[in-house]
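As a plain string of letters, each chain reads:
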Amino acid sequence: MAGSSSMLKIKTILAAVTLSAICALPATAQEHETVHIEKQNWSFAGIFGTYDTNQLRRGFQVFREVCSSCHSANLIAFRTLAEEGGPHFSEGQVKALSAEYDIADPSADDGTRKGVASDFWPAPFVNEQEARDANGGALPPDFSVLAKARGVTDAFPWWVTNYFTGYAEGGPDYIHALMNSYEETPPEGVEIPEGKHYNAVFPGHAIGMAPPLADGIITYVAEEGQEPVPETVDQYSKDVSAYMMWLAEPGLVSRKETGFKVLLFLILFAGLMYATKRKIWSGIEH
Amino acid sequence: MGAFPMSEHSTYIPGNGVEKWIDERLPIIRFSKEHLMDFPTPKNLNYWWTFGGILAIMLVVQIVTGVILAMHYTPNIAMAFNSVEHIRRDVNGGRIIQATHAVGASMFFAAVYVHIFRGMYFGSYKAPREILWLLGVLIFVLMMATAFMGYVLPWGQMSFWAATVITNIFAAIPIVGNPILELLRGGFAVGNPTLNRFFSLHYLLPFVIAAVVILHIWALHVPGNNNPVGVEVKSDRDTLPFHPYYTMKDLYGIVLFAIPFAWFVFFIPDILGHPDNYIMANSQVTPAHIVPEWYFLPFYAILRAIDFNILFIDSKLGGVIFFAGSIVILFFLPWLDNSKTRSGTFRPMFKWFYWLFVLNFVGLTYLGSAPAEGIYVVLAKICTAYYFIHFLIILPVLSRIETSRPLPTSISESVLGKAH
């Protein structure tokens, strides 16, 4: 009955497509107004991606010299900067770095003491009100998981491919685009309130944050034998986006490494299971 | 012979004195041998039947990972969000356990949808398996409640707003609506009491599910499995012992299922979620779009589709009635479809309407995620109407007018007639 078996195949395929479509749907559920966001080539993209230590160190420098004057990163302890798979500073460097900061500590003599590696990154403002007062009423969001709290919406049906390519860099793509989409004069017909700035990718386009980066404001010191890195807004924003992704997902590299082992095991195991199943069922009409 | 009395196929002989001693007091080894090993199972079950086993494993995965997560999670609105990050960052293996639990919810629902739609195609809800089906629908409802409350626990923006929107549904019910709403929330708005009771119930319900699953399997083991041709087992020639034939086939299915599961957990753990849930809950800021998890979308689309008053019923209550009705109607399926033929394979007209129903359901899923405006609103109404028409008109009418293709006289005959 060739007819019925090909019918069965069509049904199987139909069912499989339906299932994968159901699984893939949530990605469609976002903004109506789609702003085009240029996807970047991140070293940590895809299933083989890992962080580029040098880039994370540059990103840390951007964060420290620019962003951290307004943005907190409350979940990050100094010690994590020494972790493998991250910026991987030496323990001595982290110790010296943390000692540069004063940490509020009620048990210390005058309420503050020098930081140690186990301290968390000190916030620039004491509380939300103070942060808002210093920033024209806007609250600079915490950086700890910000890179995962932003995303890119792909039009139907392109988001389906993200499930197969393992695209998980929507956050860094958005942050990079945000840093590069300021315009001094808004397009005609767009009113920007006093104290706000026009940004093409920011929802609503009126952002409280003034353009934080400009070419040349941060000096990168290339280590021996390394190519000098351009000191441009584009480069700074790439570096800081990568750093923010690390903040949000510090275990990304080890997670993927484990993933390969698990998948390899499962595929081999499935092969063995199939062989065993066939052997057991051989000779049974079914 | 439809039913297998419990002891008829018992071939258990206690192997030694200890086993004999146990067998006379609590015949648990005999029971296990009868029901987990010797249980006569139709020899023609296809891979769609492995999803029952997959679901049993998924329940175990969710309970085990959930119990571990509960050891490190703090159900307090000031600390919940950060405690989930603490699990991801500081707990040994935490980021894998947390991702497994979060992705696991989606995989659980993907499997349950396959399982339900398999039952619908092959008529597994028909006599004598009505109670089996009813228990299954009950499990599905419990799963939805559990998943919803679990989604609130990380206390992100979507958690908070989903809790607000979904609990608000109850307010539409006349008279008792508001008391129920306040009982669910533990106050007038979603807050710390809500989080606390959801955590408690989220821990409780999986064990209720496990209990209903046991009843579900019990109800399965009385008439035995349905099968792809839908003809009852007639003789021993039609069946195989569950072990090793189906233990092995199910385990193979489970390992295959684990592959996409692992893909999500290790490579794209956040893709099934929403970025907004990485923003801590804030009652002062409403997200641009409040969207439930994908597995609720078809029902969410039905809820939103009723945006007009029906006589004295306002649109809000109307939405709730249709939303609840879309699930309650599943309980009546065994009596709405009166066709004597179980398997869709032998029902030339049903087959087409079945796939149309599947397509319609996928459409509802899509519409649940789309903004409620323009063409989407119209389509959602059409799809919602069709969802109910399928159950209330098409199935009853089909069972009257359709002529089934001739059925094989037995499972063995259908197996022998199959070209390989």
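What you see is a predicted model; the values in this text were computed from it and never measured.

*Asks:* Outline the domain arrangement of chain B, listing residues and values.
*Replies:* Residues and elements named next belong to chain B. When cut into domains, chain B gives domain 1 (46–229 + 241–284) and domain 2 (291–405). Look at where the C-alpha atoms of domain 1 and domain 2 centre, and you get two points 23 Å apart. Taken together, the contacts link 40 residues of domain 1 with 35 residues of domain 2. Of the roughly 3300 Å² buried at the junction of domain 1 and domain 2 (both faces included), carbon and sulfur atoms supply 71%. Taken as a group, Phe117, Tyr121 and Lys126 account for 21% of the area that domain 1 buries against domain 2, more than any other trio of residues on that side. On the surface where domain 1 and domain 2 come into contact, there are one salt bridge. As a salt-bridge pair, Lys126 and Asp337 come within 3.0 Å of each other at their nearest N and O atoms. For the pair domain 1 and domain 2, the number of links is 13 residue pairs in polar contact (both at pLDDT 80 or more). Contributions of two or more residues to the side of domain 1 that touches domain 2 are made by α5 (94–121), α6 (130–152) and α7 (157–169). The residue inventory of the side of domain 1 that touches domain 2, partitioned by class, reads 30 nonpolar, six polar and four charged.

*Asks:* Before we move on, could you go through the interface of chain B and chain A and cite the residues and values that matter?
*Replies:* Counting residues at the interface gives 59 residues for chain B and 60 residues for chain A. For the chain B and chain A pair, buried surface summed over both sides reaches about 5500 Å², with 74% attributable to carbon and sulfur atoms. The tally of links from chain B across to chain A stands at one salt bridge. Its salt-bridge partner being Lys148 of chain A, residue Asp270 of chain B comes within 3.4 Å of it at the nearest N-O pair. Where chain B touches chain A, the interface holds eight residue pairs in polar contact (both at pLDDT 80 or more). When residues in the side of chain B that touches chain A are grouped by element, the largest group, 17 residues, is from helix α10 (residues 242–267) of chain B. Broken down by class, the residue content of the side of chain B that touches chain A amounts to 41 nonpolar, seven polar and 11 charged.

*Asks:* Report on the packing of aromatic side chains, specifying residues and quantitative values.
*Replies:* One pass over the structure, following the stated rule, counts 59 aromatic pairs over all chains. When the centroid spacing of 6.3 Å and the interplanar angle of 25° are considered together, the rings of Trp48 of chain B and Phe51 of chain B count as stacked. Centroid distance Tyr354 of chain B to Trp355 of chain B: 5.0 Å. Interplanar angle 85°. Geometry classified as edge-to-face. Judged by its relative accessible area of 18%, Trp355 of chain B falls in the buried class. The ring of Trp281 of chain A carries the charged tip of Lys249 of chain B above its face, separated from the ring centre by 5.3 Å.

Cut-offs and rules
- Each residue is numbered by its place in its chain's sequence as written, counting from 1.
- Written order decides the labels, with chains lettered from A and ligands numbered from 1.
- Under the rules for a predicted model, residues below a pLDDT of 70 receive no local features and side-chain atom pairs below 80 are neither given nor counted, while totals for whole chains, interfaces and linings still include all residues.
- Working from all heavy atoms in the structure, the side-chain values ignore hydrogens and water.
- An automatic or database domain assignment provides the domain bounds reported here.
- By definition in these notes, contact holds between two residues if any of their heavy atoms fall within 4.5 Å.
- Summed over both partners, buried area is the accessible surface (1.4 Å probe) that two parts give up on being assembled.
- For this analysis, a salt bridge means a side-chain nitrogen from Lys or Arg found within 4 Å of a carboxyl oxygen belonging to Asp or Glu.
- Polar contacts, as used here, are pairs of N or O atoms within 3.5 Å; protein pairs need one atom able to donate a hydrogen and one able to accept it. Residues neighboring in sequence count only if both atoms are side-chain atoms.
- Secondary structure elements are defined from DSSP: runs of H or I of at least 4 residues count as helices, runs of E of at least 2 residues count as strands, and each element is numbered from the N terminus.
- Residue polarity follows a fixed list, in which Ala, Val, Leu, Ile, Met, Phe, Trp, Tyr, Cys and Pro are nonpolar, Asp, Glu, Lys and Arg are charged, and the others, Gly among them, are polar.
- Here the aromatic set is Phe, Tyr and Trp, taking the six-membered ring for Trp, and pairing holds for ring centres within 6.5 Å; pairs whose planes are under 30 degrees apart are stacked, those over 60 apart are edge-to-face, and all others are tilted.
- Buried, partly exposed and exposed residues are distinguished by accessible area as a fraction of the type maximum, computed with a 1.4 Å probe on protein chains only: under 20%, between the cut-offs, and over 50%, respectively.
- Working rule: Lys NZ or Arg CZ, within 6 Å of ring centre, within 35 degrees of ring normal, means a charge sits over the ring.

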